Amino acid sequence: MNAVSDPAPATRRGGELIVDNVSHHFASGPRRVDVLQDVSFTIPPGAVACVVGPSGCGKSTLLNLSAGLAGPAAGELRWDGDPVRLGQNRDVGMAFQQPGLFPWMTVERNVAVGLRTRGHDKRDAARITAEFLETVGLTEFKDAYPTQLSGGMAQRVGIARALALQPRLLLLDEPFAAVDAFTRLKLQQEFKSLLKLSAPTVMFVTHDVPEAISLGDFIVVMSHRPASVVRIIEINREDRDRSSAAYAHKLSETLECLGVTSDMDAATDD
Amino acid sequence: MTSKEAEALGKTTRPRTGSRHPLQRIGLPLVGVVLLIATWEVTVWLNDLDSIVMPRPMEVLRALGDLVVSGEFWDDVVVSLTEFGSGYVIGVFAGVVVGVLMAEFSVFRATVHPVVEALRFIVPFAWIPLVILWFGTSLLGKTLLVAYATFFVMVVSAAKAMQQVDPTLTKVGRMLGMSRWRLAFAVQLRAAAPTIASSARAAAAIAWIAVVAAEYVGASAGLGVLIINASTSLQTDVVIAGMVVIGLVGAGVSAVIGWLSRSYLSYV
Ligand SMILES: Nc1ncnc2c1ncn2[C@@H]1O[C@H](COP(=O)(O)OP(=O)(O)OP(=O)(O)O)[C@@H](O)[C@H]1O
Ligand SMILES: [Mg+2]
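Remember, it's a predicted structure, so these values are computed and weren't measured experimentally. (Residues numbered from 1 in each chain as written. Chains lettered and ligands numbered in written order. Predicted model: local features only at pLDDT ≥ 70, side-chain atom pairs only at ≥ 80, totals over all residues. Heavy atoms only, no water.)

## Some words on the UniProt feature "domain: ABC transmembrane type-1" (unreviewed entry) in chain B
Keep this limit in mind: UniProt positions are given in the numbering used here, feature names are shortened, and annotations may be inferred rather than shown by experiment. Helix and strand definitions follow DSSP, with helices as H or I runs of at least four residues and strands as E runs of at least two, each counted in order from the N terminus.
Listed under "domain: ABC transmembrane type-1" (unreviewed entry) in the UniProt record, and renumbered for this structure, are residues 77-257 of chain B. The distance from the first to the last C-alpha atom of residues 77-257 of chain B is 18 Å, and the span holds 88% helix and 0% strand.

## Some words on the pattern of salt bridges
Residue and element names in this part refer to chain A. Rule in force here: We define a salt bridge as a contact between a side-chain nitrogen of Lys or Arg and a carboxyl oxygen of Asp or Glu at a distance within 4 Å. Here's how the labels work: a residue is buried when its accessible area is under 20% of the maximum for its type, exposed when over 50%, partly exposed in between, all with a 1.4 Å probe on protein chains only.
Under the criterion given, the structure shown has 15 salt bridges over all chains. Put simply, Arg-168 and Asp-91 hold a salt bridge, and the shortest N to O gap is 3.2 Å. Placement of Arg-168 in the loop between helix H5 (151-164) and strand S7 (169-173) and of Asp-91 in the loop between strand S5 (82-83) and strand S6 (92-95) is noted, with a sequence separation of 77 residues between them. Asp-91 shares its class with Arg-168; the two are buried. Overlapping salt bridges bring together Asp-20, Glu-76 and Arg-78 as one network.

## A look at the sheet that holds strand S1 (residues 17-28) of chain A
Residue and element names in this part refer to chain A. Operational definition: Strands are treated as partners if at least two bridges between them are detected by DSSP. By definition in these notes, contact holds between two residues if any of their heavy atoms fall within 4.5 Å. Structural elements are reduced to axes, namely lines fitted to C-alpha atoms, with helices fitted over the stretch in contact, and the angle between N-to-C directions of any two is expressed from 0 to 180 degrees.
An order of S2-S1-S4-S5 is seen for the 4 strands of this open sheet, with the pairing classed as antiparallel. Of all the strands in the sheet, the pair left with one neighbour each is strand S2 (31-43) and S5. Where helix H2 (residues 59-67) meets the sheet, its contacts fall on S1, S2 and strand S4 (74-79), and the angle it forms with S1 comes to roughly 120°.

## Some details on a nonpolar patch on the surface
Under the convention used in this document: A patch is a set of surface residues, each over 30% in relative accessible area and not in a salt bridge, joined within 9 Å for like charges and within 5 Å for the nonpolar side chains Val, Leu, Ile, Met, Phe, Trp and Tyr. Each accessible area is a Shrake-Rupley estimate made with a 1.4 Å probe; only the visible protein chains count as cover when residues are assessed.
A cluster of nonpolar side chains, contributed by B:Tyr216, B:Val217, B:Ile228 and B:Met243, occupies part of the molecular surface with about 360 Å² of accessible area. As for its placement among the helices and strands, B:Ile228 is situated in helix H10 (residues 223-232).

## A closer look at the confidence of the model for chain A
Residues and elements named next belong to chain A. Where we set the bar: What pLDDT reports is the predictor's confidence in each residue, on a scale of 0 through 100.
Averaged over every residue, the pLDDT of chain A is 87; residues scoring 70 or more account for 92%. Across residues 1-10, confidence stays below pLDDT 50; counting only partners more than four residues off in sequence or on other chains, it has 5 contacts. Note on residues 266-270: pLDDT is under 50 here. Beyond four places in sequence and across chains, it has 4 contacts.

Put into structure tokens, the structure is as follows:
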């Protein structure tokens, strides 16, 4: 079987995402809730940006804006030089915070439906689906329905659905939040090796600072609502060694930006 | 890990029914029915009621048997079911279409909502005099009345069901690049379908009530007519037999709709 018949990797390489002075707000009844305020940063092609910030600060909102699911109230997002258009962006693959699986479809069809919508033929979609269900370790459950899955399993299906699109811009909203520590480590490993195969531009929202250090090329630390960027912390190869002083330093730097005392044990979660 | 998960899955594949012993599954409902009939029998006996006022269960059963073997009875059943079926299908269809449009287009919603709210409390029975005036005792009149009754139940519940669809599903569809129509039909309507189906089942009861009520007031055939005719000739056993049939047919219709929605819409 020709498993490497995917479109030339070069065409799947990520582009550049620029978040330029983006502000956003929601109407909450008569009140206006400011969510993002002058957020600016750039993710270079193929880089992984991990976004951390307090709950409710606007991380998911930022992902929605990046995917073109909503337009920012002010500022601009640019993808490959062009403003992100409201509506369809065929380069995007996104795994949402709630898995958002179609409950009337099996796991397999939930993953395949995205590929079919993006124009893959049936056989192609089935092959890619099988491949990515394997990646998230759910091959056995391809015929199960979402109601039969645990929270973490459903989330993994959502991840597989996003990955299977082989997107040039991959948006992940706390993808590993609902899985146990062991599965999380495994998925992080898988994720790293996937990134080596194709190199999408990634925005990865997480509450887990060690995860951000181990996966990100840089960390975008956001403040309380209305969120702005507190600091952008570059992560180098040597920072990823959890036993190193460099790691401890990045960890405490990030936590400090989040306004948390750098108590390492308390930091592992949240 | 995964094999354990698979095992757990195997256990959950067949939820609901089947947890009880078959003897209990048939026996318990039987006990309920027997209790009902016993209460009836005892009430008649204790109060020493005349069979014109309240016949005993056996008398009703006999009347029922006579009805079933007579040809006219089946004609009445067919007439009532036809009135029900035509009106119900039209009402459900129109109600779902309008309800979905209300959920999808805010301009449409703003326009139609006050009209729906104004009309839906004018219960079908209030229309009966006008319906008879306009359509006589024809099938068309009853069909429209039943459609009306069904429509307003369905409009409101379909619009609500559509609005309650998990917004993440819509986002997912848009992220994948689905067209507006595909999103509306293949995602939102599909997600709302089980809720809409259960309202359709509730609407069937209301539609069936409308059929019988309309027949009581003005009709030349149907189960309602059968009952009214029997009551004018003081055949109370036939009246009650007719009521039993109305109950059974209604329950049958409801069961069929429930079965349809389970086999085509449910997830597992
Ligand atoms: N559709 C909406 N309508 C109104 N307010 C909203 C909407 N979506 C989000 N918000 C508000 O915007 C703020 C940011 O929400 P968002 O989901 O982006 O936060 P988050 O950083 O992802 O939080 P968490 O870490 O808990 O997932 C919240 O206060 C929320 O109440
Ligand atoms: Mg969020």
